[in-house]
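Chains, contacts and geometry: an overview
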Amino acid sequence: MSEKVLLVDDEEEFVETLAERMRDRGMDVSTSNSGTNALHLVDDEDFDVVVLDLKMPGIDGLEALRKIKRRRPDIQVVLLTGHATVEKGVEAIKEGALEFLEKPVDLASLTDAIHKARATKMVLVEKDTEERIRDILHHKSW
Amino acid sequence: VSDEGLRFFGEMSASVSHEIRNKLAVINEKVGLVQDIALAMKSGRSVDPDRLEVQAGKIIDQIRQANQIVGSLSRLGHSVDATRARIDTKELVGLVADLYQRKATRAGIRIDTTELADGASVTTHPFLLEGLLGACIDAALPRVGASRILTVASDNSADGAVIRFRHLEGLQESDVRLGGETSGARAMLTVIGGRILADRQLGEIVFEVRDCDRTDSGSLQ
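What you see is a predicted model; the values in this text were computed from it and never measured.

Under the counting rule described, the total for this entry stands at 33 salt bridges over all chains. E19 of chain B is paired through a salt bridge with R102 of chain B; the nearest N and O atoms lie 3.2 Å apart. With E19 of chain B in helix α1 (residues 2-42) and R102 of chain B in helix α3 (residues 89-106), this pair connects stretches of sequence that are 83 residues apart. Judged by its relative accessible area of 22%, E19 of chain B falls in the partly exposed class. D175 of chain B serves as the salt-bridge partner of R143 of chain B, at 2.8 Å between the closest nitrogen and oxygen. Of this pair, R143 of chain B sits in the loop between α4 (126-140) and β4 (149-156) while D175 of chain B is found in the loop between β5 (160-166) and α5 (184-192), placing the two residues 32 residues apart along the sequence. Salt bridges linked by common partners bring R21 and R25 of chain A together with E29 and D36 of chain B together as one network.

This brings us to the sheet that holds strand β2 (residues 110-115) of chain B. Residue and element names in this part refer to chain B. Judged by pairing direction, the sheet is mixed, and its five strands sit side by side in the order β2-β4-β5-β7-β6 without closing on themselves. The sheet is open, and its two edges are formed by β2 and β6 (195-199), each paired on a single side. Across the sheet, the mean angle from the axis of one strand to that of its neighbour is 20°, orientation sign disregarded. Relative to β5, β4 runs antiparallel, the two sharing six bridges. Bridged to V152 within β5 is F165. Sheet strands touched by α3: β2, β4 and β5. Its angle to β2, the strand with the most contacts, is close to 175°.

This part is about the layout of surface pockets. Rolled over the atoms, a probe with the dimensions of a water molecule shows which regions are left empty. All names here are of chain B. When its volume is computed, the largest pocket comes out at roughly 590 Å³. Taken together, 24 residues make up the lining of the largest pocket; nearest its centre are E19, I69, D98, Q101 and R102. At the level of secondary structure, the elements contributing two or more residues to the lining of the largest pocket comprise α1, α2 (49-78), α3 and β2. The element that contributes the greatest number of residues to the lining of the largest pocket is α3, accounting for eight residues. Among the residues making up the lining of the largest pocket, the classes are represented as seven nonpolar, nine polar and eight charged.

Moving on, we get to the state of the cysteines. Residue and element names in this part refer to chain B. All chains considered together, the criterion is met by zero disulfides over all chains. In this model C136 remains outside any disulfide bridge; the closest cysteine sulfur is found in C212, 19 Å from its own. Owing to a relative accessible area of 1%, C136 belongs among the buried residues under this scheme.

Looking now at the nonpolar core. Residue and element names in this part refer to chain B. Core analysis: the largest hydrophobic core is formed by 47 residues, its most contacted members being L129, L133, L150, F165, I196, I205 and F207. Counting residues per element, this core draws most heavily on α4, at ten residues. With residues up to four places along the chain from it excluded, the contact list for I196 reads L132, C136, V176, L178, L189, I205, V206 and F207.

Time to look at the packing of aromatic side chains. Residue and element names in this part refer to chain B. As enumerated under the stated definition, the model contains two aromatic pairs over all chains in all. Note on F8 and F127: the rings are 5.8 Å apart at their centroids and 55° apart in plane angle, and the pair reads as tilted. Note that F8 is positioned in helix α1 and F127 in helix α4, a separation of 119 residues in sequence. When its relative accessible area of 9% is taken as the criterion, F127 is described as buried.

Cut-offs used in this document
Residues numbered from 1 in each chain as written. Chains lettered and ligands numbered in written order. Predicted model: local features only at pLDDT ≥ 70, side-chain atom pairs only at ≥ 80, totals over all residues. Heavy atoms only, no water. Salt bridge = Lys/Arg side-chain N within 4 Å of Asp/Glu carboxyl O. Helix = DSSP H or I, 4+ residues; strand = E, 2+ residues; numbered from the N terminus. Buried < 20%, exposed > 50% of the residue type's maximum accessible area, 1.4 Å probe, protein only. Pairing = 2+ DSSP bridges. Axes fitted to C-alpha atoms, helices over the stretch in contact; angles between N-to-C directions. Contact = heavy atoms within 4.5 Å. 1 Å grid on protein atoms, 1.4 Å probe; cavity = no way out; pocket = protein on both sides within 12 Å on 5 of 7 lines; lining within 4 Å. Points joined across faces, edges and corners; volume = space filled by probe spheres on them. Nonpolar A, V, L, I, M, F, W, Y, C, P; charged D, E, K, R; others polar. Disulfide = S-S within 2.5 Å. Core = buried A, V, L, I, M, F, W, Y, C linked by side-chain atoms within 4.5 Å. Phe/Tyr/Trp six-rings, centres within 6.5 Å; stacked < 30°, edge-to-face > 60°.

By themselves, these figures tell us nothing about what the structure is for.
Given below as C-alpha cells:
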C-alpha cells in the first residue's frame, strides 16, 4: 500500500509540482494551500504523513502541527521551511514534528522522511491496537 | 534615523530573500519534474510532450517573478544613492507596496495603489520617504477593515505630496505615533519635514510630505 500524504503550502505552484513528482513515485498525495483547510482534511481522511510549510498566512506551520497532533497523535508531520533557524527546528521537534527540512527541498530526503514517518505511524497504530486488544481481554470474562 | 533606516532595510531584505527562496523552491521542483519526464521518455514510456512545454513556460514565469522581486530590492538599495531627488510618488508608493505585499498577504490583506492626481511628484530624501511609507503601512495593516484591502492613494498638495492609507477601521491617534517622539521614524519625519495624521472620520492615515524645492531654504532639515 502506498504512503498517504497531505502536502500543505500556500505557494500553489510549489505544492502542485511536488505532488505531481511524488505521485509519479507511487505515493497517494493530497494538497492544501492553507493550514485551516489542512485541518479539515485531517479530520476527514486518514493520512500517514502531513508535510507542512512553516510560514503560511493564517494558521502557520507550527500552529497547524500542534492542532494536528492534538486531533490525531498518530499522524506524522514533516515541516518545510525557507528560513531554517535552530530555534524553530527545536520548537518543531518539541511539538512532535518528525523532521524539519529546508527549502528548496531535496526530493530524496523528503521521500526518506516520508518512509520513516509512515513506519513510525504504523508502529504507533500497532501499539494502540495491541493495547486495545489487551484491554478487551482484561475486561471481558471470556 | 540610521537605526530606523537599517531596521526598515533589514525587514525588506529578509522579506525579499524569503520570496526569492520560495521562487527557487518552485523552480527546483519544476526542473526536477522535467528531469523525471526526461527519464520516463528515455526508459521508453509514452509522455505527452505538452507536459514539458507547460513546465518550461511555468519555469520562465517563476524566473520573471523572481527577477521582478530582485528589481524591487535593487531599486530600494539604490534609493540611498542620493539624499535628495525628484520622486514620482505613484512609482515610489508602488515599490513600497510591492515590498510589503508579502507581509500584508500573511495578514490576509491586499495592498492596492492608486493615483489621485496625474504625475504627482515631490522632491525629498527617497530612502527616508520609503521608510516612512513602510511605517505608515505597518500602522495601517492592523486597522484594515472587512474588505481586507488597504488602498494607498498618492496625490499632490500645496506643499508637496500627500499619501492616504484608506479603508481603515477603529483608527486611533496612537496608531500614528510611530513609536513616540524620540523614535527613529519620528526623526525621519522631522528630516523630510512631513506630518502623519489619523483622520478617524474618513478612516485614513494621511502622510503629508513637504517638497524641499518649495521650502524657503530649499534643503532637507
